[in-house]
Amino acid sequence: MTDTFSSQRFSIAPMLDWTDRHCRYFHRKLSGDTLLYTEMVTTGAIIHGKGDYLAYSEEEHPLALQLGGSDPAALAQCAKLAEARGYDEINLNVGCPSDRVQNGRFGACLMADAALVADCIKAMRDVVSIPVTVKTRIGIDEQDSYAFLCDFIGTVANKGNCDTFIIHARKAWLSGLSPKENREIPPLDYPRVYQLKRDFPALTMAINGGIKTLEEAKVHLQHMDGVMMGREAYQNPGILAQVDRELFGRDTPSVDPVAVVRAMYPYIEAELSKGTYLGHVTRHMLGLFQGIPGARQWRRYLSENAHKPGADVRVLEAALSLVADKIPQEA
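Since the model is a prediction, treat every value here as computed from it, not as a measurement.

1. What to know about the overall build of the protein chain
Then, number 1: Of regular secondary structure, the protein chain possesses 16 helices and eight strands.
Then, number 2: In terms of overall dimensions, the protein chain has C-alpha extents of about 55 × 45 × 40 Å along its principal axes.
Then, number 3: Buried positions account for 54% of the 331 residues belonging to the protein chain.
Then, number 4: For the protein chain, restricting intrachain contacts to residue pairs at least 6 apart in sequence, the fraction spanning at least 24 positions comes to 73%.
Then, number 5: Put simply, the protein chain shows about 14,400 Å² of open surface, and 51% of that area lies on carbon and sulfur atoms.
Then, number 6: A gap of 3 Å separates the mean positions of the 36 positive and 41 negative side-chain charges of the protein chain.

The structure is reproduced here in structure tokens:
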């Protein structure tokens, strides 16, 4: 556990189909301080599903579970299970705009019912001692005034006893736009999120949406308590190698991406022995060498070979040979 954990200073967004346990294990090899989030897991999957939706590796800490749901009792039951399993935080999804999510009455549509969100948070806070947080948007559909946003935050903070919010600095259109379009078309409004933090100084607030560099993160941190990075951290994971030094002030040596790949071998071999396909792990590692000569060959070799029968760490070694000698060494 890091001493800056509670500040939410830097985290990687929960991303469906992306931030699975293999991805998180890999990201942890690049940064020890970054707060990692699971993909959104619905209460129904945890309570009624056949698989173990709470599985993770101890090395992933600090780790937050993002829940999708709107039934306070079910959320409380799942929060209790998650705390027992050792998660460091529970986060309620009030930001996902997909149709599937709305039909289940969770995600961004919950912004229209602040009292219910408050009930959900309070139900979880009543049964766990770990932080319970909310990830939300700045508005939905025509309900996008600053007053609407303040009313939502105020209600959830006061009635739900919620003290930490991650704000995606875009509104969500609940119909007419796909989830992908909802991440790109509604304009970003960082000043509105900064204003929210000024108007609720006692709350811990992190900002999310369109953040692509650690320099941008530093600018946001002049206004906010934390920064959550999404797609950029996934598609260019090498950026995470600088986070501990640049954002947490750690005096740690540079992370060598080749060493990171090899540090994954014991994990990969253990997963292969359980029947996991190599490609399920390596798909998260494709962007590691972005900007380095040979990166395209690395991606192509892994993409073409990791799914073949019997593929193992030798595939990674062969892929490394295409890029390893091209990485500039620090003097």
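2. Side note on the pairing of strand 4 (residues 89-94)
The two faces of a sheet get side chains in turn, since along a regular strand they alternate between them.
Then, number 1: Taken across its six residues, strand 4 has six buried, putting it largely inside the fold.
Then, number 2: Residues Glu89, Asn91 and Asn93 of strand 4 are buried on one face, and the alternating residues Ile90, Leu92 and Val94, pointing to the opposite face, are buried as well.
Then, number 3: Two elements, strand 3 (residues 63-68) and strand 4, share four bridges in a ladder whose sense is parallel. Counterpart to leucine 65 in the pairing with strand 4 is isoleucine 90.
Then, number 4: One crossover worth recording links strand 3 to the parallel strand 4 by way of helix 3 (residues 72-85), and it is right-handed.
Then, number 5: When strand 4 meets strand 5 (residues 132-136), the two strands line up parallel, connected through five bridges. Following the sheet pairing, valine 94 is matched in strand 5 by threonine 136.

3. Quick word on the confidence of the model for the protein chain
Then, number 1: On average, residues of the protein chain carry a pLDDT of 93, and 94% of them reach 70 or more.
Then, number 2: In the predicted structure, residues 1-6 sits below a pLDDT of 50 and forms 15 contacts with residues beyond four places in sequence or in another chain.

4. Description of the packing of aromatic side chains
Then, number 1: Applying the stated criterion to the full structure yields four aromatic pairs.
Then, number 2: Each ring, one from tryptophan 18 and one from tyrosine 234, has its centre 4.4 Å from the other, and the planes form 15 degrees; the classification is stacked. Here tryptophan 18, found in the loop between strand 1 (10-12) and helix 1 (21-30), pairs with tyrosine 234, found in helix 10 (residues 231-235); they are 216 residues apart in sequence, far enough to count as distant.
Then, number 3: Classification of tryptophan 18 by relative accessible area gives partly exposed; the value is 25%.
Then, number 4: Ring geometry for phenylalanine 289 and tryptophan 298: centres 4.8 Å apart, planes at 80 degrees, overall edge-to-face.

Conventions we followed
Residues numbered from 1 in each chain as written. Predicted model: local features only at pLDDT ≥ 70, side-chain atom pairs only at ≥ 80, totals over all residues. Heavy atoms only, no water. Helix = DSSP H or I, 4+ residues; strand = E, 2+ residues; numbered from the N terminus. Buried < 20%, exposed > 50% of the residue type's maximum accessible area, 1.4 Å probe, protein only. Contact = heavy atoms within 4.5 Å. Areas by Shrake-Rupley, 256 points an atom, 1.4 Å probe, with all protein chains shown as cover. Lys, Arg positive; Asp, Glu negative; His and termini not counted. Charge placed at Lys NZ, Arg CZ, Asp CG, Glu CD. Pairing = 2+ DSSP bridges. Right-handed = clockwise from strand over helix to strand, strands pointing away. pLDDT = per-residue confidence, 0-100. Phe/Tyr/Trp six-rings, centres within 6.5 Å; stacked < 30°, edge-to-face > 60°.

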